[in-house]
Amino acid sequence: MKKEVFLWMAQRASAGVLALCVVVHLATIVYAVRGGLSAAEILGRTRGNAGWLAFYTVFVLAAAVHAPIGLRPVLAEWLGWRTPSRDLFAALFAAALWFLGMRAVLAVFG
Amino acid sequence: MSATLKVKILRGSALESFEVPRHPSQTVLDVVTYIQRELDPTLAYRFACRVGMCGSCAMTVNGAPRWTCRTHVDRVARNDSIEIGPLRNLPLIRDLVTDMRTFFDKWERAGGHFEGAATRHDDFAPVRPDSEDRKAADAGIECIGCGVCYAACDVVSWNPDYLGPAALNRAWTLVSDARDVKTRERLRAVAGDAGCHACHTHMSCTERCPKHLSPTAGIAGLKRAVAKAAIKGDL
Amino acid sequence: MSKYFALVHRVSGLALAVFLPAHFWVLGKGLEMEGFLRWTEQPMVKLAEWGLVVLLAAHLGGGLRVLAVEFLDWHEWQKSLAAIAGALMIAAGLAFALAL
């Protein structure tokens, strides 16, 4: 009961964070692509950049919260998966996104 | 417009065809009544007031749940034909008649009845009609429990435990009622996977409600009220 | 109408949930950046990127609609919010297509 309420709140909060992050991310990518930046130029700007590292860490965290919570109702309503193992799967998916996401963030900004 | 209307009625799993004479201002209920009286007396269907007040005649017409007494054939006929079936999401009794018990059980489970604390010895409760709470309640109290919203709802068809738009709308009108004292219990009843949080704002209920109510808005109100209560530790 | 926006929102969310881990995995592999950038020049990759941005725009637009219905007072105009959300989806997709 209370779990559903807090999941609902976490979903809306992470949605707000993602909305901002996505806009910034897309704008940045378009800027880099349009500007014809080379790999060396991109990495020169991203590697060791604490600001961007922090930004993308927040981005990954919000995504790791938002995607699993969003998947839960789809699993129940379209696959009929309503047992407690569904929540375990969602938690594992969150952990996977967090792990893979931070690995990518550190590879580009570390 | 031809002189006859081709009617297909879903009876159990079979579609049966009938031909009915067309008249101006004919309603779908007129059509069903004609079929039962003149063509097939075994056709089972429900109606009562036949003037758009009771909601008993709700059925699926060309795929959408409607009050058949308030649906003019001219408005819905395509190529001089219509297809009629029972309401979706409810167990079938026979032909066009569904079992409304789950609908009303869920109404009760959502805390759908008023509970006050005042007695005949207390003064009237002063409730301003223009207060935000009263306006919210007034926007939803005209529900007559016809089941059209319940039939229209995709989440009801995907989730058998989902309380549904009508029950949740009623709970919202009571949560918004300043005189009711069971708010906490009601919020507990409507929170969760089977309650307001399962609503994905498809808004089919709002689209189809014959009284132009918006269960979606009521359910959104419940989502906010439940969140506030949870944060305050009141849930 | 809102039902279709909700379904687009759901399906785009599913697609993104499949894409995101793959996206992270590719980036985290420590691919040689130059080689990686060359790979992204391929037309199929560009098409996939465009598809992903459309999915993202669709999901974001649909999500904004949900937030509006859940948090703002009910008004008739909220129905047209769905239409505006759709327009924004297409606009975002087109803008990205032009930038590619």
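Residues numbered from 1 in each chain as written. Chains lettered and ligands numbered in written order. Predicted model: local features only at pLDDT ≥ 70, side-chain atom pairs only at ≥ 80, totals over all residues.

Asker: Which residues make up the packing of helix α1 (residues 2-34) of chain A against helix α3 (residues 50-79) of chain A, and what values go with them?
Answerer: All names here are of chain A. Relative to each other, α1 and α3 sit at 135°, their axes nearing to 8 Å. One finds that α1 runs oblique with respect to α3. The crossing of α1 and α3 is left-handed. Contacts from Leu 7, Ala 10, Gln 11, Ser 14, Ala 15, Val 17, Leu 18, Cys 21 and His 25 in α1 reach Val 58, Phe 59, Ala 62, Ala 63, Val 65, His 66, Ile 69 and Gly 70 in α3. When grouped by side-chain class, the residues that make up the contact of α1 with α3 number 12 nonpolar, 5 polar and no charged. (Axes fitted to C-alpha atoms, helices over the stretch in contact; angles between N-to-C directions. Helix = DSSP H or I, 4+ residues; strand = E, 2+ residues; numbered from the N terminus. Parallel < 35°, antiparallel > 145°, perpendicular 65-115°, else oblique. Left-handed = near helix turned anticlockwise from the far one by under 90°. Contact = placed C-beta atoms within 7 Å. Nonpolar A, V, L, I, M, F, W, Y, C, P; charged D, E, K, R; others polar.)

Asker: Residues and numbers for the interface of chain A and chain C, please.
Answerer: The partner chain C presents 21 residues to the 24 residues of chain A that form the contact. The set of elements that each furnish at least two residues to the side of chain A that touches chain C consists of α1, α2 (39-46), α3 and α4 (85-109) of chain A. Counted by class, the side of chain A that touches chain C contains 19 nonpolar, 2 polar and 3 charged residues.

Asker: If you had to explain the interface of chain B and chain C to someone new, which residues and values would you point to?
Answerer: The interface of chain B with chain C comprises 11 residues on the first partner and 7 residues on the second. It is helix α10 (residues 215-232) of chain B that contributes the most residues to the side of chain B that touches chain C, 4 residues altogether. Within the side of chain B that touches chain C, the residues separate by chemical class into 3 nonpolar, 6 polar and 2 charged.

Asker: I'd like a description of the domain arrangement of chain B, backed by residues and values.
Answerer: Residue and element names in this part refer to chain B. As far as domains go, chain B holds domain 1 (4-98) and domain 2 (101-232). Each of domain 1 and domain 2 has a C-alpha centre, and these two points are 30 Å apart. Broken down by secondary-structure element, the contributors of at least two residues to the side of domain 1 that touches domain 2 are β3 (58-61) and β4 (64-67). Ranked by residue count, the leading element in the side of domain 1 that touches domain 2 is β4, at 4 residues. Of the residues assigned to the side of domain 1 that touches domain 2, the class counts are 7 nonpolar, 3 polar and 3 charged. (Domains from an automatic or database assignment.)

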